[in-house]
Amino acid sequence: MSFANIKDFTGTMFDDRRPSTHEVLAELIRQRDDYADGPTIPKLVKVVDESGLICTFDNAGTPIMAKKTARSYLKGVMDVFLPAGYPHTVTPDYTPYQIYDSLQAFSSTIAGLLSSRAVLQGFGVGDSASSATAAVLLTVLQEATGRLATILFAHRHGRAIEPECKFYRFLADIVNDSALFLDILSPALPPYPKVMALCGAGVLRALCGVSGGAAKASLSAHFAKNGNLAELNAKDGSQETVISLMGMLVGSLFVQFVHGKAAVWAWMVILVGVHLWTNYKAVTSVQMRTLNQQRMVILTQAYFGPENTILRPDQVAAREGILTPVKANTNVRFASKPSDIRLIKGFVDAGLSLKGFIIVDKCDNKPMAPMIFMRKYTSTKIMLQAWIEASYNRQADAKFWIGLTKAGWDLETNALETGPSIRLVEDNVKVE
């Protein structure tokens, strides 16, 4: 009996339907009878790709191309903007995120046109007393302050963006919308405050670029399942291009009819409100599998508490806070500054070789919030165990770790630390 023939008969994930049980049994009996007369040979029956069926073959081996239907044409259009093999090549939360992300981009584009008009007015467009040189110098100042802010922000918060990518993705849109309001406000300000407002908007927009770009890269890595990160990013760019074009088309008609300060401000509030709401829905729909401190708090509270269960990533995502994260009762943190090293005096023999970490909870014999010092080359699982011991003064059992793996959590990626990593290195010393 040829297993390949049975598999072809029962169908693949690209078939429109799967046969009934009676049909499968009938085919198995037929193949059993055929096998009694002699072995079977594999037979080419169809050709498929990630998008579905391409053709089938008749008994003579002649290819019969699949018929084009309205559904197939629609799927062909969707394939231009979606990763190959969608939805099987992306995580389940990719679809709701992209829907809300597209809606937020549409409203942001329209709001951006209103602010762009205000910026041009702030630069002196339409004012005979303004000069092109002054406008250029103002643009240079705005760009310079924005780029300096980019460097400082990346240095200060770069390490925290990946573990807290949902927060920084939402933060990017908050600062971007703040920049839009400064742009709208700038034409009504005197010269020097106007310069400060436009430079402030440039700084906020630069922060949005760093925060949003880095967070989206982390989210894309989360969505990609089959090593298709590059394609996923490319298709995301195609989606944004179409949405932006649609937003500019509608926005061009929109700015023709929206004039006057009251109307502009009213519509800006509405558009920014829609923008922030859709962004919030987008980031809350993401079900990250890495364990940062907030997700560890939610998981351990459920496991050590009355629920006594291991939550799945989707269940934890429903309880996550974006701007107000869920926190533990104790403020546990990992050592991240050189000045923290002085705290380990007297703790150097506190089980570093045995556990792989040291928990310091006293400073000058006074209680302090637990601080964790990790040994170099320790695994992420050991880091998670150190965090649990520092937070609850207990160790997690084997059932906990097995449950995390079965639930789909990523125990390999370090998402607990949001700052520089301080590591302890030990060496064998001969005892006299």
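Up top is the structure.
Now for a quick tour of the structure. Not measured: the values here are computed from a predicted model.

Bringing the overall build of the protein into the picture now. Helix and strand content of the protein: 14 helices and 7 strands. For the protein, the proportion of its 432 residues judged to be buried stands at 39%. Residue pairs in contact within the protein that sit at least 24 positions apart in sequence constitute 72% of those at least 6 positions apart. With the model as given, the accessible surface of the protein reaches about 24,800 Å², and the carbon-plus-sulfur share is 62%.

Quick look at helix α9 (residues 261-284) now. Its 24 residues place the ends of α9 34 Å apart at the C-alpha level, agreeing with the 34 Å of an ideal helix rising 1.5 Å per residue. For α9, the complete set of buried residues consists of Val264, Met268, Leu271, Val272, His275, Thr278, Asn279, Ala282 and Val283.

What follows deals with the pattern of salt bridges. Scanning all chains against the criterion turns up 13 salt bridges. Between glutamate 143 and arginine 147 there is a salt bridge, and its shortest N-O distance comes to 3.7 Å. A residue pair is termed a helical-turn pair when its members lie 3 or 4 positions apart in one helix, as glutamate 143 and arginine 147 do in helix α5 (residues 132-161) at 4 residues. Accessibility expressed as a relative area gives 42% for glutamate 143, which makes it partly exposed. With a shortest N-O distance of 2.2 Å, lysine 216 and glutamate 240 are connected by a salt bridge. With lysine 216 in helix α7 (residues 191-223) and glutamate 240 in helix α8 (residues 229-257), this residue pair connects regions lying 24 residues apart in the sequence. A relative accessible area of 33% places glutamate 240 in the partly exposed class. Because the salt bridges share partners, they merge into one network encompassing Asp101, Arg169 and Asp173.

Glancing now at the side chain of asparagine 176. Note on placement: asparagine 176 falls in helix α6 (residues 165-185). Setting aside its immediate chain neighbours within four residues, asparagine 176 contacts Ser108, Arg205, Cys208 and His275.

Another aspect to go through is the environment of leucine 219. Structurally, leucine 219 is set in helix α7. Of the residues examined, leucine 219 reaches a relative accessible area of 2% and is grouped as buried. Spatially, the C-alpha atom of leucine 219 lies 8.2 Å from that of lysine 166, the residues being 53 residues apart in sequence. Setting aside residues up to four positions removed in sequence, leucine 219 forms contacts with Tyr97, Cys165, Arg169, Val286 and Met288.

Here we come to the packing of α6 against α9. Two numbers describe how α6 lies on α9: the axes approach to 9 Å, and their chain directions differ by 175 degrees. Classed by the angle they form, the pair α6 and α9 counts as roughly antiparallel. Touching Lys166, Arg169, Phe170, Asp173, Ile174, Asn176, Asp177, Leu180, Phe181, Ile184 and Leu185 of α6 are Val264, Trp265, Met268, Val269, Val272, His275, Leu276, Asn279, Tyr280, Val283 and Thr284, all from α9. When its residues are assigned to classes, the contact of α6 with α9 shows 14 nonpolar, 4 polar and 4 charged.

Reading the values: rules and limits
- Residues numbered from 1 in each chain as written.
- Predicted model: local features only at pLDDT ≥ 70, side-chain atom pairs only at ≥ 80, totals over all residues.
- Heavy atoms only, no water.
- Helix = DSSP H or I, 4+ residues; strand = E, 2+ residues; numbered from the N terminus.
- Buried < 20%, exposed > 50% of the residue type's maximum accessible area, 1.4 Å probe, protein only.
- Contact = heavy atoms within 4.5 Å.
- Areas by Shrake-Rupley, 256 points an atom, 1.4 Å probe, with all protein chains shown as cover.
- Expected span 1.5 Å × (residues − 1).
- Salt bridge = Lys/Arg side-chain N within 4 Å of Asp/Glu carboxyl O.
- Axes fitted to C-alpha atoms, helices over the stretch in contact; angles between N-to-C directions.
- Parallel < 35°, antiparallel > 145°, perpendicular 65-115°, else oblique.
- Nonpolar A, V, L, I, M, F, W, Y, C, P; charged D, E, K, R; others polar.

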